[in-house]
Amino acid sequence: MAIGLALSLVGGSAVAQSRSAGSIFGDAAAGSQIKIVNTDTGQTRTITADAKGRFRASELQIGNYTVTASNNGEETGGSRSVYVGAAGGTEVDFVAQELGAVTVSANQLPSIDVSRVDTSTELSATILRNVPVARDITQAAVLAPSVIPADSRYGNSVSFGGAAASENAYYINGYPVTNALTNIGSTTLPFDAIQSEQVLTGGYSARYGRSTGGVISVVTKSGSNEWKFGATATWTPESLRAGRRNIYYANDTGASSAGLLYSDRGTISDNSLTYGAYAAGPLIKDRLFVYVSGEWTDRNYDAGSVRGGSPTQGYTESEYKSPRWLAKIDWNINDSNMLEFTAISDKTGQSVDNFAWNFADSTHGTNKTGGYRYKDGGETYIGKFTSYLTDNLTLSAMYGKQDNVHYSSPFGYNPNDVAVTDSRPAHSANPVTGLQPYTTLSDPEAYDKTDGYRVDLEWHLGDHDLSFGYDVSNSESQAGTAMTGPGYSWIYYHTDDGTTEQGGYTTAPNSDYVDQYVFTNGGKFKVEQKAYYAEDRWQLTDRWLLSLGVRNDSFTNYNSDGVAYVEQKNQWAPRLGFTWDVNGDSTLKIYGNAGRYFLAMPLNVAVRGAAGSTYTETYYTFTGIDPVTGAPQGTALIGGPYSSNNEFGQAPDPRTVAAQNLKSHYQDEFILGMQQAIGSDWNWGARLQYRELKSAIDDQCDNRPMLKYMVENNIAIDPNYSYSPDCRLFNPGENNVMLLDIPDAAGSTDLVPVPYSKEDMGMYLKRKYIGLDLFLEHPFDGKWFGRVDYTLSHNYGNDEGQLNSDIGQGDVSQTVLFDHKELMEYGGGNLPNDRRHVVKAYGFYQINPEWRTGAALVARTGRPKQCLGYYTGAGGYNPPGAPNADGTGTTQSGQEFWETYLSYGPYYHYCGGQATPRGANGRTPVDIQLSLNAAYMPNWAPGLAFKVDVFNVLNKQVAQNVTEIGENGGVNVVYSSRDRVISYGAPRSVRFTINYDF
């Protein structure tokens, strides 16, 4: 029989676990034989309790186990039925009481895991199935505390603890599957193949790094000794979706567009059907198991364009097809050695057809006018070997690789046709056109590749659980932009009455000429990441566990020529954590940790900053124009090719791309928390978390430190040369040294180390997050499960991190924020991911064997708003004819800076001629999302289930973000989209699911 019992822990020992496995630990009589049997696969492991009666078994697959203890062949203390979850420790005690032959079930064991020093939320397959949640691993993670949706312009992404959406790490069965190019988002898999989704929100061990946000780790299902089959279909009909809220220009801006309709969202139609199946079971009983799952999604999304959109191609009909599959093989070679193999395919094909669009009456044509075809995704393969070398020594080794393609092809594209642009004022009403509608294309052969391996060794030595490991992760991407046709386009120009000089080439007065324009950039880029770590989880006393760890990370970024442009080695990341089992019975835990976490730059940084690019113009006179192709006839060379920035396809010298000894992006984190069981049915807890970004990488585009250096070192400034501000990677708020290609005082043209002091640059770095998380949970007791979380937090500073949600800028680690110091003025305040109050609640209730209901609530305060405009501050810019503000430089340098930066754009914290500090314009509204579901499992058809989910029951559609640029074209010139809503929350929708398991 099963009885309810609070079991006592006397000195339980545990080790840090990988994200795809768990552990069993506890106490028994010294020298006892502990037998651990996986009831799903029959795998058996027998270990011996040490001289203090402690035992532990690590690297156990997720699943159900029975645990027994025996002395001299005689079973003592009864058996325990337990469940091992991902990356956690399950405690079993044979010392607290003599239980005879009593069996204690898993849900009656202590709910507080005293072996963990990190903070995480585990979303089991049961929770994901029974709670109304999107069938998506990223959106499911929003149920965890301190996780919020990121800016909608970054797609399907989330922010952890105030960090940018690009600072998270994703894993499937322990292998990293984060987007290699941008670090935003990840590979996914058939949703029903998920056994557990673990959401780590802080404090993880030295075994893992490369994240300054959070971690989403998925463990997939595996086969067992019982054959199982199933099929699922889900349908989200457009006919049952509530009307979408239209987007209007803001009413009170004073712009001519104020109050007008911007986007008629009633034109949107979105139908989605997903169907899938799985099979799982033993190929060889107790030894070889297989699990395969497939999921196919067909989605049709149609929409008209916004006001001012293309009238000829403004209506789009998009069709998505997403065939995904997963196969997992588990081979228990024997009870001491296991081999796992996982294969995943995650591909999406999209076709977009364009039609003519009439915004005034929301009608569209029937003749196709354009379109695109896209293919994204690929395959992932993961292998893992685990060996229990001895009772106290465990070895695990993993290798994985991934290949993703990103193919795009426009409708009607002919590579033999040349794009033509007519910029002659006299032809503005009837410009010359050609056969090629596209000027540039994304690289049609773009791809991402990753591969990596890790080896971990765990050694139980007395009171110490020691871990050592080495971890390598490599990634490669091909990305960029190329010209259509033969690699160039034609642009027609007309001179004024006087002559026009183009790149030093003089054209005749009052005449036409043509420019053969070439632009390409990109290439293949690589990032290598290596790390080794050591960790000691030391059982100081029966109630105190201390975790001491250190990790050493190294990152190397390579340009398109395979030459390193940034190398960051020997980055030491200490980790310290503790747990105190206050009562000695796992009913009250106090824990804390402190750690440093490093993050590498993603591959996309090289596309703009370190890649070779071609940007040339060659000028010709001509005698005629082909009436069909638009190409010039009778051309005669004026001059060229000319490149204003000397871009002729060569990659920049890798030594000039970034500051010398560039520090990595890293963050320090401190956590103090507690968890307490309230009787046998409830537990609650609190966590205080503090995060501070200590170093960031961005680009700066300010040449004033260079000009100052030239003046101080008597280096002549050429008045005929435009010292345009090339952008370079640096550490904001630090003293940087740039290697620049300028002559030194002796006339040498070698690279010169130029100091870019933090005083001269006038910049600082600040991002802080402090949050208090409270939770109350009722673990599933066979009847119901429920959890409520409340987070009070503050995210403030002047830098969101690697992204810039102020303007939705997606250039990771290359935002506009630090391009020059005037952008810093009034830039401190509440950051975009600041949500002061967040309440989350979710759970389900088994009414009876045939009926179940579930609910999920997410409510959060709004996002800070601001108004960005043109610079009107007192300092910084130099009017024409004036020297630099610090008295150095020349009239020319002052003139150049004034002309360059006055037209930089509306990205300053000034609006309408007044300072507008970050977050000064209030917040978006409070967002409340309540979702409900109900499921019917008829007794007359065992295994069959019908479910309906209603998302956003209250139909709360509030603004998620607004346009924060307030000026366009100059100071006090109101931007027509100022304060316009960018996106609203999704309307109420209904999803039907039918599932059959047999």
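Cut-offs applied
Residues numbered from 1 in each chain as written. Predicted model: local features only at pLDDT ≥ 70, side-chain atom pairs only at ≥ 80, totals over all residues. Heavy atoms only, no water. Helix = DSSP H or I, 4+ residues; strand = E, 2+ residues; numbered from the N terminus. Rg over C-alpha atoms; globule rule 2.2 N^0.38 Å. Buried < 20%, exposed > 50% of the residue type's maximum accessible area, 1.4 Å probe, protein only. Polar contact = N/O pair within 3.5 Å; in protein donor to acceptor, adjacent residues only side chain to side chain. Contact = heavy atoms within 4.5 Å. Core = buried A, V, L, I, M, F, W, Y, C linked by side-chain atoms within 4.5 Å. Patch = residues over 30% accessible without salt bridge, like charges linked within 9 Å, V, L, I, M, F, W, Y side chains within 5 Å. Areas by Shrake-Rupley, 256 points an atom, 1.4 Å probe, with all protein chains shown as cover. Salt bridge = Lys/Arg side-chain N within 4 Å of Asp/Glu carboxyl O. Pairing = 2+ DSSP bridges. Disulfide = S-S within 2.5 Å. Axes fitted to C-alpha atoms, helices over the stretch in contact; angles between N-to-C directions. Phe/Tyr/Trp six-rings, centres within 6.5 Å; stacked < 30°, edge-to-face > 60°. Lys NZ or Arg CZ within 6 Å of the ring centre and 35° of its normal. 1 Å grid on protein atoms, 1.4 Å probe; cavity = no way out; pocket = protein on both sides within 12 Å on 5 of 7 lines; lining within 4 Å. Points joined across faces, edges and corners; volume = space filled by probe spheres on them. Nonpolar A, V, L, I, M, F, W, Y, C, P; charged D, E, K, R; others polar.

With that settled, the discussion passes to the overall build of the protein. Helices and strands together make up the secondary structure of the protein, namely six helices and 57 strands. Relative to the 2.2 N^0.38 estimate, which gives 30 Å for 998 residues, the radius of gyration of the protein is 31 Å and therefore close to what a compact globule would have. The dimensions of the protein, computed from C-alpha atoms along their principal axes, are 105 × 70 × 50 Å. Burial analysis of the protein (998 residues in total) assigns 55% to the buried set.

The next point concerns the side chain of Glu777. Note that Glu777 resides in strand S46 (residues 767-778). Separated by 3.4 Å, the side chains of Glu777 and Arg787 make a polar contact. Apart from the residues within four sequence positions on either side, Glu777 is in contact with Asp681, Trp682, Asn683, Phe785, Gly786 and Arg787.

What follows covers the nonpolar core. Among the nonpolar cores identified, the biggest contains 40 residues, and Tyr565, Leu729 and Ile742 are the most heavily contacted of them. For this core, the secondary-structure elements that each account for two or more residues are strand S32 (512-539), strand S34 (564-581), helix H3 (604-609), helix H4 (704-712), strand S43 (728-730), strand S44 (736-740) and strand S45 (752-756). When residues in this core are grouped by element, the largest group, four residues, is from H4.

Right, let's talk about a nonpolar patch on the surface for a bit. Among the surface-exposed residues, Leu672, Ile678, Trp682, Trp684, Leu688, Ile770, Leu772, Leu774, Leu776, Val788, Leu792 and Val839 lie close enough to one another that they form a single nonpolar patch of about 910 Å² accessible area. Mapped by element, the contributors of at least two residues to the nonpolar patch are strand S40 (665-678), strand S41 (682-695), S46 and strand S47 (784-797). With four residues, the single largest contributor to the nonpolar patch is S46. Note that Ile770 resides in strand S46.

Moving on, we come to the pairing of S32. Relative to S32, strand S28 (residues 464-483) is paired through 18 bridges, and the arrangement is antiparallel. Of the residues in S32, the one forming a bridge with Ser467 is Glu535. As paired elements, S32 and strand S36 (residues 613-621) share eight bridges and run antiparallel to each other. By the bridge assignment for S36, Gln516 is matched with Thr618. Where S32 lies against strand S33 (residues 544-558), 14 bridges are found, and the strand directions are antiparallel. Its bridge partner lying in S33, Gln529 is registered against Phe555. Here S32 folds back onto S33, and the loop between the two strands holds four residues.

Per the counting criterion, the structure on display carries two disulfides. Each sulfur of the disulfide joining Cys701 and Cys727 lies 1.8 Å from the other. One disulfide, between Cys701 and Cys727, carries an S-S torsion of 110° and so falls in the right-handed class. Taken together, the residues Cys701 in the loop between strand S42 (698-700) and H4 and Cys727 in the loop between H4 and S43 connect sequence positions 26 residues apart.

What follows deals with the sheet that holds strand S7 (residues 89-93). Hydrogen bonds along the backbone pair up the strands of a sheet, which may run parallel or antiparallel. Spatial ordering of the open sheet is given by S4-S1-S7, a layout of three strands whose pairing is mixed. Strands at the two margins of the open sheet, each flanked by one partner only, are strand S4 (54-60) and S7. On average, each strand axis in the sheet is tilted by 15° relative to the strand beside it, whichever way the strands run. Pairing of strand S1 (residues 22-27) with S4, which is carried by five bridges, proceeds in the antiparallel orientation. Its bridge partner being in S4, Gly22 is matched across the sheet by Leu60.

Here we come to the packing of aromatic side chains. Taken as a whole and judged by the stated rule, the model has 37 aromatic pairs. Arranged with centres 5.2 Å apart and planes meeting at 75°, the rings of Tyr871 and Tyr910 form a pair that is edge-to-face. Residue Tyr871 is found in the loop between strand S50 (851-860) and helix H6 (891-902), and its partner Tyr910 is found in strand S51 (residues 910-911); the two are separated by 39 residues along the sequence. Classification of Tyr871 by relative accessible area gives buried; the value is 7%. With a relative accessible area of 6%, Tyr910 lands in the buried category. Within the aromatic cluster, the residues linked to one another by ring pairs are Trp227, Phe229, Tyr996 and Phe998. Looking at Arg45, its charged tip hangs above the ring of Tyr388, at a distance of 3.6 Å from the centre. Above the ring of Phe775, the side-chain terminus of Arg787 is found at 4.3 Å from the ring centroid.

On to the pattern of salt bridges. Counted under the stated rule, the structure contains 55 salt bridges. For Arg454, the salt bridge identified is with Asp456, shortest N-O distance 2.9 Å. Ionic contacts of the salt-bridge type, sharing partners, join the residues Glu59, Arg207, Arg210, Lys384, Arg454, Asp456, Glu458, Asp471, Arg551 and Asp553 into one network.

Within the structure shown, the criterion is met by 14 cavities of 30 Å³ or more. There is about 410 Å³ of room inside the largest cavity. Taken together, 31 residues line the largest cavity, and the ones lying closest to its centre are Pro176, Thr178, Arg210, Ser473 and Gln529. Elements that contribute at least two residues to the lining of the largest cavity include exactly strand S12 (169-172), strand S13 (175-176), strand S27 (446-461), S28 and S32. When residues of the lining of the largest cavity are assigned to their parent elements, the largest contribution, five residues, is made by S28. In the lining of the largest cavity, the residues fall into 17 nonpolar, eleven polar and three charged.

Strand order in the open sheet made by the five strands is S9-S14-S15-S12-S13, with mixed pairing throughout. Two strands in the sheet have a free side with no partner beyond their single neighbour: strand S9 (119-124) and S13. Of the pairings in the sheet, the one linking S12 to S13 comprises two bridges and is antiparallel in character. From the neighbouring strand, Ile172 faces S13, where its bridge partner is Tyr175.

Cis geometry is found at the peptide bond from Gly640 to Pro641, where omega equals 5°. The residue Pro641 is located in strand S39 (residues 636-642) in this model. Unusually for a residue other than glycine, Asn72 sits at a positive phi of about 55°. Examined against the element boundaries, Asn72 turns out to sit in the loop between strand S5 (63-71) and strand S6 (74-84). At Asn952, a position not held by glycine, the phi torsion is positive, near 55°. For Asn952, a relative accessible area of 2% gives the class buried.

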